[in-house]
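Structural characterization, general
Residues per chain, in single letters:
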Amino acid sequence: MNQTPLASDTAMVLSAGIGKRMRPLTATQPKPLVRVAGKSLIDHTLDKLDAAGIAKAVVNVHYLADALEGHLKVRRKGPEIAISDEREQLLETGGGMVKAAPLLPDTFFCLNSDNIWLDGPVDVFHELSLAWDEDKMDALLLLVPHPRAMNYRGEGDFHLDTVGHVIRRKPGYVAPFIYSGIQIVSKRLLRDAPEGPFSTNLLWTRAIEEGRLFGIVHTGLWFEVGSPDMIKPTEEWLTRA
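As a starting point, this report considers the structure included with it. (Residues numbered from 1 in each chain as written. Predicted model: local features only at pLDDT ≥ 70, side-chain atom pairs only at ≥ 80, totals over all residues. Heavy atoms only, no water.)

Topic: the sheet that holds strand E7 (residues 116-118)
Test applied: Here a strand pair is declared whenever DSSP counts at least two bridges between the two strands. Only DSSP runs of H or I reaching four residues or more are called helices, and only runs of E reaching two or more are called strands; each is numbered from the N terminus.
Pairing is mixed in the open sheet, where three strands are placed in the order E7-E14-E9. Lying at the two open borders of the sheet, with one neighbouring strand each, are E7 and strand E9 (149-150). By the bridge criterion, two bridges tie E9 to strand E14 (residues 221-223) in an arrangement that is parallel. Across the sheet, the residue bridging to Ala149 is Trp222, located in E14.

Here's what the structure looks like:
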């Protein structure tokens, strides 16, 4: 049983994107409804939230929003679902958080709806909560080393210094850690945010400059499922796990 209290009982699940890399599977359905190992991507995520004890999930919608909302209305009991509606304009990750802010507490988890992962000794939400320091952090990112990032083909995203500050990869170099798409966010990160669509990277850059963006290393496995060819290898891994 996990002994660490959760840093928040609420998570934002980023689900509004068009999913271009997942075409043709996303021609007629939103990416969060693409099925992997017999379950939609968003249900993989919501099941993990529910198992960890997170009571509320704020889900933003844009592309084929009616289909995603309809799916969420008929799914099982938990977590409680609140919809942040971006039908009029896709706001990207940063803008999506800003729009959803009235539905979110001062501290919340934020994760992509297409994440699939296997936990280490404790689930990722308690893993992050154990390291969370409200006083010195604006966001805490869950990072994955290359050997535990299944299907990943990139050069990495970040380095960590000796106290856990996040440092961006320099162009032309390889970084040891990949961002998992899972983080804890303080609403301080959203202060003075621009209007309209923008990436969370804009807010992370300021937090890095202020020494308030931190990361921890995930102790389990993480699967990139960004394109159709990554589905079968992921299913094979999950079958073996």
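And the narrative resumes.
Here's the deal with the layout of surface pockets
This is how it is decided: Cavity means a closed set of points on a 1 Å grid over the protein atoms alone, one where a 1.4 Å probe fits but cannot get out, pocket means an open set with protein on both sides within 12 Å along at least 5 of 7 lines, and lining means a residue has an atom within 4 Å of a point. Grid points are joined across faces, edges and corners, and a volume is the space filled by probe spheres set on the points. Gly is put with the polar residues, along with every residue not named as nonpolar or charged; the nonpolar set is Ala, Val, Leu, Ile, Met, Phe, Trp, Tyr, Cys and Pro, and the charged set is Asp, Glu, Lys and Arg.
Considering only enclosed or pocket space, the largest pocket measures out at about 1,200 Å³ in volume. Lining the largest pocket are 42 residues, and of these Arg21, Lys31, Thr93, Asn112 and Asp114 sit closest to its centre. Of all elements in the fold, only helix H3 (92-100), strand E6 (107-112), strand E12 (177-186), helix H5 (200-209) and E14 reach the threshold of two or more residues within the lining of the largest pocket. Among the elements that make up the lining of the largest pocket, the one with the highest residue count is E12 (five residues). Residues belonging to the lining of the largest pocket are distributed by class as follows: 16 nonpolar, 16 polar and ten charged.

Some thoughts on unusual backbone geometry
In plain terms, the rule: Accessibility here uses a 1.4 Å probe with only protein chains present; expressed as a share of the type maximum, an area under 20% marks a residue as buried, one over 50% as exposed, and anything in between as partly exposed.
Of note, the bond from Arg23 into Pro24 is cis; its omega dihedral lies within 30 degrees of zero at 10°. Tracing the sequence through the fold places Pro24 in the loop between strand E1 (10-14) and strand E2 (35-36). The backbone of Ala37 shows a phi angle near 55°, a positive value even though the residue is not glycine. Within the secondary structure, Ala37 sits in the loop between E2 and strand E3 (39-40). By relative accessible area, which is 40% here, Ala37 ends up partly exposed. Unlike most non-glycine residues, Glu92 shows phi in positive territory, near 65°. Mapped onto the fold, Glu92 is located in helix H3. Judged by its relative accessible area of 42%, Glu92 falls in the partly exposed class.

Quick word on the pairing of E1
With respect to burial, E1 is a largely interior element, five of its five residues being buried. Of the two faces of E1, the one holding Thr10, Met12 and Leu14 and the one holding Ala11 and Val13 are both buried throughout. Bridge count between E1 and strand E4 (residues 56-61): four bridges; the pairing is parallel. Considered in E4, the bridge of Val13 is made with Val59. Here E1 pairs with E6 via four bridges, running parallel. Paired with Leu14 across the bridge in E6 is Asn112.

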